[in-house]
Amino acid sequence: MSEERGSSAQTEEDEDLFVSAMESPEAARLSAEDLSPSSNGPRDDDPDDLFAEATEEVSLDSPERQPILSDGPSPAITPVSISPRVDVFDRSPDLDEEEEENRDTFDIQISVSDPEKVGDGMNAFMIYKVTTKTSLSIFSRDEVCVKRRFSDFLGLHSKLASKYMHMGFIVPPAPEKSIVGMTKVKVGKEDLSSVEFVEKRRSALERYLLRTVKHPALLKDPDVLQFLESSELPRAVSTQALSGAGILRMVNKAADAVNKMTIKMNESDAWFEEKQQQFENLDVQLRKLHVSVESLVCHRKELSVNTALFAKSAAMLGNSEDHTALSRALSQLAEVEEKIEQLHQEQANADFYLISELLGDYVRLITAVRGVFDQRMKAWGKWQDAQLMLQRKREAEAKLQYASKPEKLQQARDEIREWEGKVQQGERDFEQISRNIRREVGQFEKERVKDFRVVIMKYLESLVHSQQQLIKYWEAFLPEAKAIA
Amino acid sequence: MMQEGLDDGPDFLSEEDRGPRAVNVDLQTDATLQVDISDALSERDKVKFTVHTKSTLPNFKQNEFSVVRQHEEFIWLHDSFVENEEYAGYIIPPAPPRPDFDASREKLQKLGEGEGSMTKEEFTKMKQELEAEYLAIFKKTVAMHEVFLCRVAAHPVLRKDLNFHVFLEYNQDLSVRGKNKKEKLEDFFKNVVKSADGVLVAGVKDVDDFFEHEKTFLLEYHNRVKDASAKSDRKIRSHKNAADDINRIASTLYTLGTQDSTDLCKFFLKVSELFEKTRKIEARVAADEDLKLADLLKYYLRESQAAKDLLYRRGRALVDYENANKGLDKARAKNKDVLQAETTQQVCCQKFEKISESAKQELIDFKTRRVAAFRKNLVELAELELKHAKGNLQLLQSCLGVLKGDT
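Computed from a prediction, not measured in an experiment: that's the story for all the values here.

1. Some remarks on the overall build of chain B
Counting secondary structure elements, chain B contains nine helices and three strands. Starting at the N terminus, the α and β elements of chain B follow one another as α-β-β-β-α-α-α-α-α-α-α-α. Taken across its 407 residues, chain B has 48% of its residues classed as buried. Of the contacts formed within chain B by residues at least 6 apart in sequence, a portion of 75% connects residues at least 24 apart. Accessible surface for chain B amounts to roughly 21000 Å². Of this, 53% is attributable to carbon and sulfur atoms.

Laid out in structure tokens, this is it:
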């Protein structure tokens, strides 16, 4: 309990620092537990940890999916220089415009590239180059390049989630682990599917980073900055499933699920109820859409393959046709079909990389959003528990009034004061997280609208291009067909 | 399962010309004998075709009349041609394939069973889809039966066939039962013998360059058409599957549009509408490819087989002729049964020469028909592909215009 009190007090200070433009930054109180970034969790691989390389396949369907919370010591609070112009947590409505503007003139580009395989066999892993180009002052250089592996990304997410989720911030989820995909790559199969897998992952990692830095609080987070800038990063071992940390995670997951069932929240705010319902509906529909789009990708790839086969067959038929003009026309048909096969392949890629991946990302994001609502419920629960406890302490004090044990009475009174403080804190926390969520959801929805709009327009443009090409090909073929005499 | 009375005239045949749907054949219709299928009825497990004839030939009782025929009766007619020695020197028009609605019926049944698991709109949409598919198969089978009759009617010799006239005019059931098991088994053995024999006969080198070339050509052509036909079927099936996916995507987008609390709702609804329309066009593309390309290849698969059969019969006659020659030589050498041998030899010779003569013309006609049919269909295919692509493009561009304008 005391640990939690400590951390919540610190968070409160954090929030006071950032929350209101009116209050003066209480920098003095930040007696920072200045944790050096390199001491996060166990340093090196525990040589006795036989399952060091085990990965956990996380399914998209687990509704109770909790983020992998980092289990190091309490959240790192390092003094961060805040550039005065960006006042992120301002609640006053007129400054929302500025915040919006700041997000739009968002001057940072991140790319993930050059996947490289390191090592051999089952111990192999991929290294990705992360390049950040920016003019923002919180970065030490205009352009930075670092090398990161997949577990580094997971580690980053883990830290961010443990710091911010319980405050109601929507932390973008990291890309999923995949045993099957990675095993193929490890085993060294240089075939098309492992190339595609690596490309899919690279693209997902890039989108993950971009989403993360889009969030103003996360952008300034020291862990994020360290991830993007520092050349050495300690291995994030606690992300592995069967480590001690992993087991603890699973236990917590179960406990949370039970709690969720037992907390019956009296929702006084219709907005939250409405939003939760909306996100639930959105979740269902996006998953359905995702399934259909994946099916489309599959069928289009099939169509491409079958078109290629037909093209070859038509060419053969043209060869054996003994009427010259018809023979030529059939060969031309074969050529057209070959070009069309290429079109189908490109279209399938567009289907996938534009739409399917977007949907996959949003299904995971919505899960994170719903997680944040759950955090609010937890906060409410804590507040209620504090109130109950206070009640009990008051009752105990009342009883002690007639027991003539002055020390115990004093203690009881002290405890009452303590719990009164906790109740107040609980209420403040609850209101804070509620405010945060409102703001976060508002921002999330804005981003969602933009994302979908942009991607779907791009997709429609790819369809336009396809049709234009088709017209070109058939227009070239028509005179050939007419020339058969 | 489906009792479809499609004989309320205009609905069924409105989209196509009421003339002979000689899609894959370029035939001159001749006033002395015109045949078409004016109507058709699909019942539980059979299709009833109304065969309509217009003729100025004297051997018919009337100038215009109709009868109802089923698939088995077409097969009977075809088989009677094949078995007739007189027609050995002609390419017998290939029999139409059996009407096959099994797959379509199965899908409709599955849909009925799954009715509870989907929304009313989805169900109605899918039902319409499947009914359209059923109708398309139906129209195809009618077209194929009609083409067969038209080919017979256009052939200078076959059109005079007595069985054909009976088929056209006799307004009672022909009582042609399908072959029973024993007969089917007999057929099977006959085919085995024939193909073994065919190999032997094919091995005999022909003196005549024309026929030698045709033999080589037809063998290779037939195999390649078979392959192309199979591959085009697979391609079209993938295309249909993709169109179905787009259908589902459109539905889900619609639901999203009605539920969304942000500006996206209008966006989703517009895109959903767009995909509904483009999906219909994609389905039409697949259907047109099926009609103009896949059906063409299937037809010429059957025709090239019929041409091969003709060559086989000629080859057979050639072998008989050569054997008769050898027999005659032997008889003369022994000076025994010479007259008999001479007669046999003459008969074989005449048979062979008769077949050769008509076969040559038939094969030339086959080429002409083939080239014309391919030309017609490839041109129409290209024109339809262009039409649909332009339609798609226009829909996409106008939707993009609206969506961009909204931002």
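2. A word on the pattern of salt bridges
Residues and elements named next belong to chain A. This model, assessed by the stated rule, comprises 59 salt bridges over all chains. Residues Lys-301 and Glu-196 are paired through a salt bridge, measuring 4.0 Å at the closest nitrogen-oxygen approach. Residue Lys-301 is found in helix α9 (residues 270-320), and its partner Glu-196 is found in helix α5 (residues 192-214); the two are separated by 105 residues along the sequence. Classification of Glu-196 as partly exposed rests on a relative accessible area of 31%.

3. Brief notes about the packing of α9(A) against helix α11 (residues 406-482) of chain A
Residues and elements named next belong to chain A. Relative to each other, α9 and α11 sit at 25 degrees, their axes nearing to 13 Å. The pairing of α9 with α11 is recorded here as roughly parallel in orientation. Between α9 and α11 lies a crossing of left-handed hand. Of the residues in α11, those in contact with Trp-271, Phe-272, Lys-275, Phe-279, Leu-282, Leu-286, Leu-296 and Arg-300 of α9 are Ser-434, Ile-437, Arg-438, Val-441, Phe-444, Glu-445, Arg-448, Phe-452, Tyr-459 and Leu-463.

4. Some remarks on the environment of Thr132(A)
All names here are of chain A. Within the element layout of this structure, Thr-132 appears in strand β2 (residues 125-134). Classification of Thr-132 as buried rests on a relative accessible area of 1%. Spatially, the C-alpha atoms of Thr-132 and Arg-201 are 18 Å apart, while their sequence positions differ by 69 residues. Not counting residues up to four positions away in its chain, the partners in contact with Thr-132 are Ile-108, Gln-109, Ile-110, Phe-139, Asp-142, Glu-143, Val-144 and Leu-228.

5. Overview of the sheet that holds strand β2 (residues 47-55) of chain B
Residues and elements named next belong to chain B. The three strands are arranged β1-β2-β3 in an open sheet whose pairing can be described as antiparallel. Only two strands of the sheet have a single neighbouring strand rather than two, namely β1 (33-42) and β3 (64-70). Between one strand axis and the next, the sheet turns by 25 degrees as a mean value, whatever way the strands run. Taken together, the seven bridges between β2 and β3 define a ladder with antiparallel strand orientation. Within the sheet, the bridge partner assigned to Thr-53 lies in β3 and is Phe-65. Along the sheet, helix α2 (residues 71-83) makes contact with β1, β2 and β3, crossing β3 at roughly 100 degrees.

6. Concerning the interface of chain A and chain B
Taken together, the contacts link 54 residues of chain A with 62 residues of chain B. For the pair chain A and chain B, the summed buried area comes to about 5500 Å², and 71% of that belongs to carbon and sulfur atoms. One can count eight salt bridges joining chain A with chain B. Where chain A touches chain B, the interface holds 18 residue pairs in polar contact (both at pLDDT 80 or more).

7. Observations regarding unusual backbone geometry
In the Ramachandran plot, Asp114(A) falls in the positive-phi region, its phi being about 50 degrees despite a non-glycine side chain. Following the sequence through the fold, Asp114(A) ends up in strand β1 (residues 108-118).

8. With respect to the side chain of His239(B)
Considering the arrangement of structural elements, one finds His239(B) in helix α7 (residues 209-259). Given a relative accessible area of 7%, His239(B) falls into the buried group. Beyond its immediate chain neighbours, meaning those up to four positions away, His239(B) contacts Leu303(A), Glu282(B), Val285(B), Ala286(B) and Glu289(B).

9. Examining the confidence of the model for chain B
Residue and element names in this part refer to chain B. When the pLDDT values of chain B are averaged, the result is 85; 89% of them are 70 or greater. Below pLDDT 50 for its whole length, residues 1-22 participates in 49 contacts with residues either more than four positions away or in separate chains. Here the predicted complex carries an ipTM of 0.85, next to a pTM of 0.77.

10. Focus: a nonpolar patch on the surface
Residue and element names in this part refer to chain B. A cluster of nonpolar residues, Leu-185, Phe-188, Phe-189 and Val-192, forms a patch on the protein surface that exposes about 410 Å² of accessible area. Mapping Val-192 onto the fold places it in helix α6 (residues 181-203). Its relative accessible area of 41% is what places Val-192 among the partly exposed residues.

11. Concerning the nonpolar core
One finds Leu209(A), Leu460(A), Trp474(A), Phe275(B) and Leu378(B) to be the most contacted residues of the largest nonpolar core, which totals 164 residues. In terms of residues, this core owes the most to one element, helix α10 (residues 324-400) of chain A, which gives 29 residues. Here this core gathers at least three residues from each of two domains, domain 1 (105-234) and domain 2 (285-484) of chain A. For Leu460(A), the contacting residues outside a window of four places in its chain are Leu274(B), Phe275(B), Leu396(B), Cys399(B), Leu400(B) and Leu403(B).

12. Structural notes on the packing of aromatic side chains
To describe a pair of aromatic rings, one takes the distance between the centres and the angle between the planes. In total, this model carries 27 aromatic pairs over all chains according to the counting rule given. Ring geometry for Trp271(A) and Phe272(A): centres 4.8 Å apart, planes at 80 degrees, overall edge-to-face. A relative accessible area of 1% places Phe272(A) in the buried class. Between the aromatic rings of Phe49(B) and Phe74(B), the centroid separation amounts to 5.5 Å while the plane-to-plane angle is 70 degrees, which identifies the pairing as edge-to-face. You can see Phe49(B) sitting in strand β2 and its partner Phe74(B) sitting in helix α2, a full 25 residues away along the chain. Of the residues examined, Phe49(B) reaches a relative accessible area of 0% and is grouped as buried. Taken together, the aromatic side chains of Trp271(A), Phe272(A), Phe279(A), Tyr362(A), Phe373(A), Phe444(A), Phe452(A) and Phe268(B) make up a single cluster linked through ring pairs. Between Arg376(A) and the ring centre of Phe272(A), over which it is positioned, the NZ or CZ distance is 3.4 Å.

Cut-offs and rules
- Residues numbered from 1 in each chain as written.
- Chains lettered and ligands numbered in written order.
- Predicted model: local features only at pLDDT ≥ 70, side-chain atom pairs only at ≥ 80, totals over all residues.
- Heavy atoms only, no water.
- Helix = DSSP H or I, 4+ residues; strand = E, 2+ residues; numbered from the N terminus.
- Buried < 20%, exposed > 50% of the residue type's maximum accessible area, 1.4 Å probe, protein only.
- Contact = heavy atoms within 4.5 Å.
- Areas by Shrake-Rupley, 256 points an atom, 1.4 Å probe, with all protein chains shown as cover.
- Salt bridge = Lys/Arg side-chain N within 4 Å of Asp/Glu carboxyl O.
- Axes fitted to C-alpha atoms, helices over the stretch in contact; angles between N-to-C directions.
- Parallel < 35°, antiparallel > 145°, perpendicular 65-115°, else oblique.
- Left-handed = near helix turned anticlockwise from the far one by under 90°.
- Pairing = 2+ DSSP bridges.
- Buried area = accessible area lost by both parts, 1.4 Å probe.
- Polar contact = N/O pair within 3.5 Å; in protein donor to acceptor, adjacent residues only side chain to side chain.
- pLDDT = per-residue confidence, 0-100.
- Patch = residues over 30% accessible without salt bridge, like charges linked within 9 Å, V, L, I, M, F, W, Y side chains within 5 Å.
- Core = buried A, V, L, I, M, F, W, Y, C linked by side-chain atoms within 4.5 Å.
- Domains from an automatic or database assignment.
- Phe/Tyr/Trp six-rings, centres within 6.5 Å; stacked < 30°, edge-to-face > 60°.
- Lys NZ or Arg CZ within 6 Å of the ring centre and 35° of its normal.

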